[in-house]
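# Summary of the model geometry
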Amino acid sequence: MSHKICIIGLGYIGLPTAAMFAKYGAHVLGVDVNTKVVEALRCGKVIIEEPFLQELVSEVVDAKRLQVATTPQEADVFIITVPTPILNNKNSDMSYVAAATEAIVDYVRPGNLVILESTSRIGATEEIVKPILEKSGYRIPEDIGLGYCPERVLPGKILEELVQNSRIIGGLNKDCASRIKEVYSTFVKGEMYMTDTRTAEMCKIMENTFRDVNIALANELALLCEKIGINVWEVIDLCNKHPRVNFLSPGPGVGGHCLAVDPWFIVEQYGEIAKLIRTSREMNDSMPKHVLEMINQLLPQRQESHKIAVLGITYKPDIDDVRESPIIELVELLEHQGFEVALVDPYVKCEDYVLQTLEEACKGSDLLVLGVNHSVFDDLPLKVIAELMRGNKVLDTRHSIRENDVVNVGLEYYVLGKSVR
Ligand code: SAJ
């Protein structure tokens, strides 16, 4: 059956989802309050960077399967994919979900289905979305079905993972869950597991929390190894030979709009229980300061300003996304201390940052910091870099540059997770 689907929020998740539904036969109206996004999409132009997304969107916009607007229209299915950020006090901001639900109240009709996709605090589907939808005068879920169906896609692989990954569907009742399953089965090849809304909300938050806590353990291990004078990368390599141990990688911090955000939803609501989750978040949040301390040891203060070349400023490799990037925080800390910082990142198009070529940044620099292991940095021209630099130190926060290659061109190699003293 071909549905008419109205998707509210055309960001990193909403737009790929809208385009995917359109590709697989639905008539989709994508809605966003940001007129810039809507105007660009009307011409088929995507302003976020994600492999193959531009091609897919052009195809479905040209075919008039995906249309865009700033206000909703009547449809069979409404999907809410708006941001759920955290505020400065680390509490969740559910106001976009509330506003998106308010925006569809006048357009819902009996027989419709409303699906919340945004990562949300526990109870949001029943406590935020349901009461707002009831303002329509219809009964939820008797007249209008409602449920929660979060995505699990990895930025950089969104289109592939939208199709292949399994999904969890939390319905207000079993009928809602089955109807949601039917909607997504137009393009999802992965398994779809049905449950209640609170279980699905908890799963979404806990999947990212699981990863965050495990990264925190790796980061704590890195600090321990630095203190003891051993190399964390060797420890992890050897520990991971155990059949049931699989350490993640330590690094300069955890960024992005998921891992660095979602665990706080649980801490906000259940902080008296979620102590491990809070401590892990604090551990990961402290890593940029830790890298700053390492840099201060490598470049003890002197009269003239030191220049540092930072390679990679995104929150992880091979994407353009700088949201919550720990490297941006590190750069701000360095500038605050008076360091001259030159940034190199061929992926970033955002005009908020002054970016330089590798050669410009390395010229006259005292220290080179690898912040993000983009694949373009796999084969750095270390000989040229060594000639351009004023100093001779390389700090690898990702264990990504081969130590021998650095040493062979006369530079000193330092890595996060091994003491720099
Ligand atoms: N990181 C480490 N060490 C590691 C792995 C990651 O420090 O061993 C850091 C990265 O550098 C990055 C951050 O963690 O700063 C997050 O990167 P990521 O690749 O772990 O995850 P995201 O935020 O891009 O996407 C996550 C995914 N969740 C899980 O893997 C459990 C994705 O599947 C979710 O759909 C996505 O969050 C989301 O939208 O919630």
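The paragraphs below set out a description of the structure included in this document. Just so we're clear, the structure is a prediction, and the values are computed from it rather than from any experiment. (Residues numbered from 1 in each chain as written. Predicted model: local features only at pLDDT ≥ 70, side-chain atom pairs only at ≥ 80, totals over all residues. Heavy atoms only, no water.)

## Regarding the overall build of the protein chain
The line we're drawing: Only DSSP runs of H or I with at least four residues qualify as helices, and only runs of E with at least two residues qualify as strands; both kinds are numbered from the N terminus onward. Radius of gyration: over C-alpha atoms. The globule rule applied is 2.2 Å multiplied by the number of residues raised to the 0.38 power. Throughout this description, buried means an accessible area under 20% of the type-specific maximum (1.4 Å probe, protein chains only), exposed means over 50%, and partly exposed covers the range between. Residues are treated as being in contact if the distance between any of their heavy atoms lies within 4.5 Å. For the area figures, the Shrake-Rupley method with a 1.4 Å probe applies, and any residue is considered shielded solely by the protein chains shown. In this charge count, Lys and Arg are treated as positive and Asp and Glu as negative; neither His nor the chain ends contribute. Charge positions are represented by NZ for Lys, CZ for Arg, CG for Asp and CD for Glu.
Looking only at helices and strands, one finds 16 helices and 13 strands in the protein chain. Taking 2.2 N^0.38 as the reference for a compact globule, 421 residues should give roughly 22 Å; the C-alpha atoms of the protein chain span a radius of gyration of 24 Å, in line with that estimate. With the C-alpha coordinates of the protein chain rotated into their principal frame, the extents come out at 70 × 50 × 40 Å. Within the protein chain, buried positions represent 52% of all 421 residues. Restricting to contacts in the protein chain with at least 6 residues of sequence separation, those with at least 24 account for 73%. For the protein chain, the computed accessible surface area is about 19200 Å², with 51% contributed by carbon and sulfur atoms. Across the protein chain, the centroid of the 43 positively charged side chains sits 2 Å from that of the 60 negatively charged ones.

## Quick notes on the side chain of D345
Heads up, the condition is: Each salt bridge in this description consists of a side-chain nitrogen of Lys or Arg and a carboxyl oxygen of Asp or Glu lying within 4 Å of one another. For this analysis, a polar contact is any N or O atom pair within 3.5 Å, provided that within protein one partner can donate a hydrogen and the other can accept it, and provided that sequence-adjacent residues contribute only side-chain to side-chain pairs.
Along the chain, D345 falls in the loop between β10 (340–344) and α14 (358–362). Of the side chains with opposite charge, K349 lies nearest to the buried D345, which makes no salt bridge, at 8.5 Å. One polar contact links the side chain of D345 to the main-chain amide nitrogen of T314, over a distance of 3.5 Å. Here the side chain of D345 touches Y347 through a polar contact of 2.9 Å, landing on its backbone nitrogen. Ignoring anything within four residues of it in the chain, the contact list for D345 reads G312, I313, T314, L355 and H374.

## Regarding the layout of surface pockets
To be explicit about the condition: Only protein atoms enter the 1 Å grid used here, on which a cavity is any set of points holding a 1.4 Å probe that cannot leave and a pocket is any open set flanked by protein within 12 Å on both sides along at least five of seven lines; residues with an atom within 4 Å of a point are listed as lining. Grid points are joined across faces, edges and corners, and a volume is the space filled by probe spheres set on the points. Each residue is assigned to one of three groups, with Ala, Val, Leu, Ile, Met, Phe, Trp, Tyr, Cys and Pro labelled nonpolar, Asp, Glu, Lys and Arg labelled charged, and all others, Gly among them, labelled polar.
The calculated volume of the second largest pocket comes to roughly 280 Å³. Every residue lining the second largest pocket is counted, 17 residues in all, and those nearest its centre are K90, A260, D285, E324 and E329. Considering every element that reaches the lining of the second largest pocket, the biggest residue donor is helix α13 (residues 326–336), with 4 residues. Class assignment for the residues of the lining of the second largest pocket results in 8 nonpolar, 3 polar and 6 charged.

## Considering the packing of aromatic side chains
To describe a pair of aromatic rings, you give the distance between the ring centres and the angle between the ring planes. Formally: Put simply, two rings from Phe, Tyr or Trp (the six-membered ring, in Trp's case) pair if the centres are within 6.5 Å, and we call them stacked under 30 degrees between planes, edge-to-face over 60, tilted for the rest.
In total, this model carries 4 aromatic pairs according to the counting rule given. Geometrically, the ring pair formed by F21 and F187 is edge-to-face, given 4.8 Å between the ring centres and 80° between the ring planes. Remark: F187 occurs in the loop between α7 (174–184) and β8 (192–196) and F21 occurs in helix α1 (residues 14–23); sequence separation between them is 166 residues. F21 gets classed as buried once you look at its relative accessible area, which sits at 1%. Look at F187 and you get buried, because its relative accessible area is 2%. Taking the centre distance of 6.3 Å and the plane angle of 35° together, the rings of Y24 and F187 count as tilted. Remark: F187 occurs in the loop between α7 and β8 and Y24 occurs in the loop between α1 and β2 (27–31); sequence separation between them is 163 residues. What makes Y24 partly exposed here is its relative accessible area of 36%. What links up through ring pairs into an aromatic cluster is the set F21, Y24, Y184 and F187.

## Some words on a nonpolar patch on the surface
Definition in use: Here, patches come from residues exposed beyond 30% relative accessible area and free of salt bridges, joined within 9 Å for like charges and within 5 Å for nonpolar side chains (Val, Leu, Ile, Met, Phe, Trp, Tyr).
Taken together, the side chains of L224, I228 and I230 define a hydrophobic patch exposed on the protein surface, amounting to about 290 Å² of accessible area. Considering the arrangement of structural elements, one finds L224 in helix α8 (residues 197–228). With relative accessibility at 46%, the residue L224 sits in the partly exposed group.

## Regarding the nonpolar core
Which entries qualify depends on this criterion: For the purposes of this section, nonpolar cores are sets of buried Ala, Val, Leu, Ile, Met, Phe, Trp, Tyr and Cys residues that join through side-chain atoms within 4.5 Å.
Residues I295, I308, L311 and L395 are the most contacted members of the largest nonpolar core, which totals 57 residues. Residue contacts for I308: discarding those within four places in its chain leaves I295, L299, L334, F339, E340, V341, A342, L367 and V369.

## Observations regarding unusual backbone geometry
In this chain, I140 is followed by P141 through a cis amide linkage whose omega measures 5°. Along the polypeptide, P141 turns up in the loop between α5 (124–133) and β6 (145–148). One non-glycine residue, F52, lies in positive phi territory at about 70°. You can see F52 is positioned in the loop between α2 (35–42) and α3 (53–62). Phi at E324 is positive, roughly 55°, even though this residue is not glycine. Topologically, E324 is positioned in the loop between β9 (307–311) and α13. Given a relative accessible area of 46%, E324 falls into the partly exposed group.

## Focus on the site of the ligand
Convention followed: Put simply, a residue is near a molecule or strand once any heavy atom of it comes within 4 Å of that molecule or strand.
Lining the immediate surroundings of the ligand are 20 residues, of which V153, K204, N208, R211 and Y315 lie closest. A distance of 2.7 Å is found between an oxygen atom of the ligand and a side-chain nitrogen or oxygen belonging to K204. With respect to the ligand, the side chain of Y315 contributes an N or O atom lying 2.6 Å from an oxygen atom. When isolated, the ligand has an accessible area of 770 Å², and the protein chains bury 88% of it.

## A few points about the environment of I13
One can find I13 in the loop between β1 (4–8) and α1. Considered as a pair, I13 and E272 are 259 residues apart in the sequence and their alpha carbons are 32 Å apart. Residues within four places of I13 in sequence aside, it is in contact with T81, E117, E151 and V153.

## Quick notes on helix α11 (residues 275–285)
Here is the rule: Arc definition: it is the arc formed by the directions from the helix axis to the C-beta atoms.
Within α11, burial applies to I277, S280, R281, M283 and N284. Angular distribution of buried residues about the axis of α11 spans 160°; they occupy a single face of the element. Where α11 is buried, its residues contact α8, α10 (262–270) and α12 (287–298).

Bear in mind that shape data such as this cannot, by itself, settle questions of function.
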